Amino acid sequence: RSTELPEHLKAYKGVWVFIEHDRGQVHSVSWELMGEARKLADKLGVDVSGVLLGGPNDPLENYAKEAYAYGADHAYIMRDPVLQGYRNEPFTKGMTDLVNTYQPEILLLGATTMGRDLAGSVATTLATGLTADCTELNIDGRALAATRPTFGGSLLCTIMTLAYRPQMATMRPRTAAMPRRDDTRTGDIIRKDLGLVETDIVTKLLEFIPDANRNTVNLAYADIIVTAGKGLKNADNCKLVWDLARVLGAEVGATRAVTQAGWLEAERQVGQTGKTVRPKLYIAAGVSGAIQHRVGMESSDIIVAINTDPNAPIFDFAHHGIVGNAMQVLPALTQAFRTHLDKRVRKVA
Amino acid sequence: MHIVVCIKQVPDSAQIRVHPVTNTIMRQGVPAIVNPYDLFALEEALRLKDQFGGRVTMLCMGPPQAEEALRKCISFGASDAVLVTDRAFAGADTLATSYALTAAIRKISEEQQVDLVFTGKQTIDGDTAQVGPGVAKRLGWNLLTYVSKINEVDLDGRSITVERRAEGGVQRLKTTLPSLITMLEGTNEMRFATMDDMLRAARVPVRKWSKDDAGIEDITKIGLKGSPTIVSKVFAPKPRKERAEMQTVDDGVNVNDVCLNLLQKIFTT
Ligand SMILES: Cc1cc2nc3c(=O)[nH]c(=O)nc-3n(C[C@H](O)[C@H](O)[C@H](O)COP(=O)(O)OP(=O)(O)OC[C@H]3O[C@@H](n4cnc5c(N)ncnc54)[C@H](O)[C@@H]3O)c2cc1C
Ligand SMILES: Cc1cc2nc3c(=O)[nH]c(=O)nc-3n(C[C@H](O)[C@H](O)[C@H](O)COP(=O)(O)OP(=O)(O)OC[C@H]3O[C@@H](n4cnc5c(N)ncnc54)[C@H](O)[C@@H]3O)c2cc1C
């Protein structure tokens, strides 16, 4: 097969980020991607653009301003009543038209239920390569080198699309750092019409049922997480993790062994088949540190592990290790943090 | 009702090991299984068949050994199975895979019109979740991904209503048949195989289609040739440079000191 870029595709220039938003909020993965897009574009010496599709009630121009602050030079805006609320069909048509008209060389989307749904359809329509669920993006030569974990994180592979454009990739939320915001940055807006009417679209969005616990479990963006592993022995002992989390204002995480045992809800699972997290502090109690768990939390700023086994794999990548019984250490740690935080509060007051 | 369920045969990843020196996957002796996510698709299809009658046809692209995975599905109650197998398919990425599967679905539909195609959410090896959207696009059918529940199918009115997992909530969508559904995991429980179906699974011939049987003429669209993505490098993750700073709790005597020590370290670094 040919790995040469055909002449007619050489005109494709610039790095695009699909800005995912829903009910008044941009998904943070879009800004994480914007930061990565900026780095890629600087290496290539090209511009970064944010792509915004939405309905009459969506504040797309405000999102565009945020996009500039996070590194975009341009914003493509497509506004149409049929783009109110995500649906595959009109979004695929809109995105595909924009790509065909303005020809970006790289198109990045979040590896979310929206991003993956859209990316798969767009890549097939454009007959180009799409690398899924990446954890690292780079430039090799002039091409995108997209790296993703395989076989549960025990190996990584780098995938490239050489002879087709655009080069597409989806990236996992929380694998790239949030870029710094610079509100002095500005950019311009390019508008395009979709050219569809509601009767053209077969699929109807009947309703949106928000998750009841949406605001209670926000693991991916928590600053502090205390995670329960199977070493806690039973569901009752998970209370010790909750106690510590309450004192720290932290979220509670779980390994798959724990969610499968039904000790904690599935939404709390951290790892390859759960959430990717990058808190400032991650405390793992009774967690062995299996590779599938590690890939979901290893970019945390500080990792503390409590485990009875001095040879547990988690000590190979934790920053601070305590060899000991979690049922003893957790209450003591809760007390120590409580005292410490009380002192701080008193000092401020 | 005629439903096609796509399944992939995958190595049981719980048993995969990476060679410590060569950094390659050691597949020898690793059992091949039906991609676990695909069983949720199969169960949902079987429930529709229980309700409406009709036929569930299994479809897989893979090496000849994948026949075993298809038989497994028949033992759960699927009606029959097609294995598209040809050396020309080797090295396919998701674009080429969706092309081959789409051709086969069109062929199957010639025998009896297909109303629904089911796939799993994703596989446990390639793990891209791209094949479902790709097939739907190529068929020109409505795509319903991450479906957690089928609310209603109206076979005469040719419509279907489902719940779809989205970020922060669930979308309820209504669309027309034919559609392609990618089924979310954990949404149902696979039934037990009955003795009758197990016996039938052993006897029913799994149809093996070459690329020509599947009606594929353009060989530049399949296998390695039809795949825009190129795997340029496979490597092991970098180990962290230093091990954790360790402290040990001796039988509970110094547990408070250990914790205070830890706090000091955390708050000074
Ligand atoms: C395809 C696939 C996907 C997966 N995805 C995920 C995923 O997303 N997330 C995930 O977490 N896992 C995932 N897993 C499972 C993973 O391989 C591990 O099995 C799991 O992470 C182990 O959980 P654990 O550490 O809680 O339990 P265990 O491995 O059983 O470890 C328990 C640990 O507790 C220690 N311990 C025992 N007693 C005590 C005590 N009194 N005090 C302190 N420590 C004690 C033990 O020494 C041990 O290290 C996946 C596996 C597969 C095959
Ligand atoms: C480690 C690794 C990484 C890869 N990364 C990429 C990548 O980033 N981009 C890319 O384009 N390709 C990639 N591939 C190639 C890709 O795995 C193959 O194209 C594969 O044939 C289908 O993709 P998938 O396994 O990701 O399936 P998914 O898209 O995750 O599968 C979704 C559903 O489609 C159905 N399905 C998938 N494959 C078949 C089949 N052969 N027969 C019948 N039904 C099927 C199943 O119902 C399945 O549940 C990768 C492969 C490997 C091994």
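In this text the structure is predicted, and so the values were computed from the model without any measurement. (Residues numbered from 1 in each chain as written. Chains lettered and ligands numbered in written order. Predicted model: local features only at pLDDT ≥ 70, side-chain atom pairs only at ≥ 80, totals over all residues. Heavy atoms only, no water.)

1. Looking at the site of ligand 2
Phase 1: In the vicinity of ligand 2, 30 residues are found, and the nearest of them are Arg148 of chain A together with Lys8, Asp38, Thr94 and Thr128 of chain B.
Phase 2: At 3.0 Å, a backbone N or O of Ala92 of chain B approaches an oxygen atom of ligand 2.
Phase 3: In the model, an oxygen atom of ligand 2 is placed 2.9 Å from a nitrogen or oxygen of the Gln130 of chain B main chain.
Phase 4: Burial of ligand 2 by the surrounding chains reaches 91%, relative to a free accessible area of 920 Å².
Phase 5: Counting residues per element, the ones that place at least two in the shell around ligand 2 are strand S7 (130-134) and strand S9 (143-150) of chain A together with strand S6 (55-61), helix H3 (94-111) and strand S8 (116-120) of chain B.
Phase 6: Its residues assigned to classes, the shell around ligand 2 shows twelve nonpolar, twelve polar and six charged. (Near = heavy atom within 4 Å. Polar contact = N/O pair within 3.5 Å; in protein donor to acceptor, adjacent residues only side chain to side chain. Areas by Shrake-Rupley, 256 points an atom, 1.4 Å probe, with all protein chains shown as cover. Helix = DSSP H or I, 4+ residues; strand = E, 2+ residues; numbered from the N terminus. Nonpolar A, V, L, I, M, F, W, Y, C, P; charged D, E, K, R; others polar.)

2. Points about the pairing of strand S8 (residues 136-140) of chain A
Residues and elements named next belong to chain A.
Phase 1: Of the two faces of S8, only the one carrying Leu137 and Ile139 is buried; Glu136, Asn138 and Asp140 on the other face are not.
Phase 2: The pairing of S8 with S9 spans five bridges and is classified as antiparallel. From the neighbouring strand, Leu137 faces S9, where its bridge partner is Ala146. (Buried < 20%, exposed > 50% of the residue type's maximum accessible area, 1.4 Å probe, protein only. Pairing = 2+ DSSP bridges.)

3. Considerations on the interface of chain A and chain B
Phase 1: Between chain A and chain B, the contact holds 76 residues from the first and 75 residues from the second.
Phase 2: For the chain A and chain B pair, buried surface summed over both sides reaches about 6500 Å², with 59% attributable to carbon and sulfur atoms.
Phase 3: Per-residue buried area on chain A facing chain B is highest for Arg1, Thr113 and Phe151 of chain A; these three make up 13% of the total on that side.
Phase 4: Linking chain A to chain B there are three salt bridges.
Phase 5: Inspection of the region where chain A meets chain B yields 30 residue pairs in polar contact (both at pLDDT 80 or more).
Phase 6: Split into classes, the residues belonging to the side of chain A that touches chain B amount to 34 nonpolar, 27 polar and 15 charged.
Phase 7: Here strand S13 (residues 204-210) of chain A runs beside strand S11 (residues 169-176) of chain B; their pairing, made up of six bridges, is antiparallel. Directly across from Lys204 of chain A, in S11 of chain B, lies its bridge partner Lys174 of chain B. (Contact = heavy atoms within 4.5 Å. Buried area = accessible area lost by both parts, 1.4 Å probe. Salt bridge = Lys/Arg side-chain N within 4 Å of Asp/Glu carboxyl O.)

4. Things to note about helix H4 (residues 113-126) of chain A
Phase 1: When the terminal C-alpha atoms of H4 of chain A are compared, their 20 Å separation across 14 residues agrees well with the 20 Å that a helix rising 1.5 Å per residue should span.
Phase 2: With 13 of 14 residues buried, H4 of chain A is to be regarded as a mostly interior element. (Expected span 1.5 Å × (residues − 1).)

5. Quick word on the packing of H3 of chain B against helix H4 (residues 131-139) of chain B
All names here are of chain B.
Phase 1: One can describe the packing of H3 onto H4 by two numbers: an axis separation of 8 Å at closest approach and a directional angle of 50°. Classified by the angle between their axes, H3 and H4 sit oblique to one another. Between H3 and H4 lies a crossing whose hand is right-handed. Residues Thr94, Leu95, Thr97, Ser98, Tyr99, Leu101, Thr102, Ile105 and Arg106 of H3 form the contact with H4, whose participating residues are Val131, Gly134, Val135, Arg138 and Leu139.
Phase 2: Partitioned by chemical class, the residues of the contact of H3 with H4 number seven nonpolar, five polar and two charged. (Axes fitted to C-alpha atoms, helices over the stretch in contact; angles between N-to-C directions. Parallel < 35°, antiparallel > 145°, perpendicular 65-115°, else oblique. Left-handed = near helix turned anticlockwise from the far one by under 90°.)

6. Quick look at the sheet that holds strand S15 (residues 251-254) of chain A
Phase 1: Across the sheet, six strands lie side by side as S15(A)-S14(A)-S16(A)-S17(A)-S18(A)-S15(B); this open sheet has parallel pairing. Taken across any chain shown, the strands that pair with only one partner, and hence form the sheet edges, are S15 of chain A together with strand S15 (245-248) of chain B. Shown here is a sheet whose adjacent strand axes are inclined to one another by a mean of 20°, direction ignored.
Phase 2: Alignment of strand S16 (residues 281-285) of chain A against strand S17 (residues 302-307) of chain A, held across five bridges, turns out to be parallel. The partner of Ala284 of chain A across the bridge, within S17 of chain A, is Ala305 of chain A.
Phase 3: Relative to the sheet, helix H5 (residues 238-248) of chain A contacts strand S14 (224-228), S15 and S16 of chain A, its axis offset from that of S14 of chain A by approximately 175°.

7. Quick word on the pattern of salt bridges
Phase 1: Tallied over the full model, the rule gives 43 salt bridges over all chains.
Phase 2: Arg164 of chain B is paired through a salt bridge with Asp117 of chain A; the nearest N and O atoms lie 3.6 Å apart. In this pair, Arg164 of chain B is assigned in strand S10 (residues 159-166) and Asp117 of chain A in helix H4, connecting two distinct chains. Residues Arg164 of chain B and Asp117 of chain A agree in their burial class; the two are buried.
Phase 3: Arg207 of chain B is the partner of Glu111 of chain B in a salt bridge, and the nearest nitrogen-oxygen pair spans 2.8 Å. Taken together, the residues span a long stretch of sequence, with Glu111 of chain B in helix H3 and Arg207 of chain B in strand S13 (residues 207-209) at a distance of 96 residues.
Phase 4: Its relative accessible area of 26% is what places Arg207 of chain B among the partly exposed residues.
Phase 5: Residues joined by salt bridges that share partners form a network here, namely Arg38, Asp42, Asp73 and Arg185 of chain A.

8. Here's the deal with the domain arrangement of chain A
All names here are of chain A.
Phase 1: Per the domain assignment, the segments of chain A are domain 1 (7-200) and domain 2 (219-348).
Phase 2: The centre of domain 1, based on its C-alpha atoms, is set 34 Å off from the matching centre of domain 2.
Phase 3: For the domain 1 and domain 2 pair, buried surface summed over both sides reaches about 980 Å², with 47% attributable to carbon and sulfur atoms.
Phase 4: Taken as a group, Gly152, Arg172 and Arg174 account for 65% of the area that domain 1 buries against domain 2, more than any other trio of residues on that side.
Phase 5: One can count zero salt bridges joining domain 1 with domain 2.
Phase 6: Inspection of the region where domain 1 meets domain 2 yields six residue pairs in polar contact (both at pLDDT 80 or more).
Phase 7: Its residues placed into classes, the side of domain 1 that touches domain 2 shows four nonpolar, six polar and three charged. (Domains from an automatic or database assignment.)

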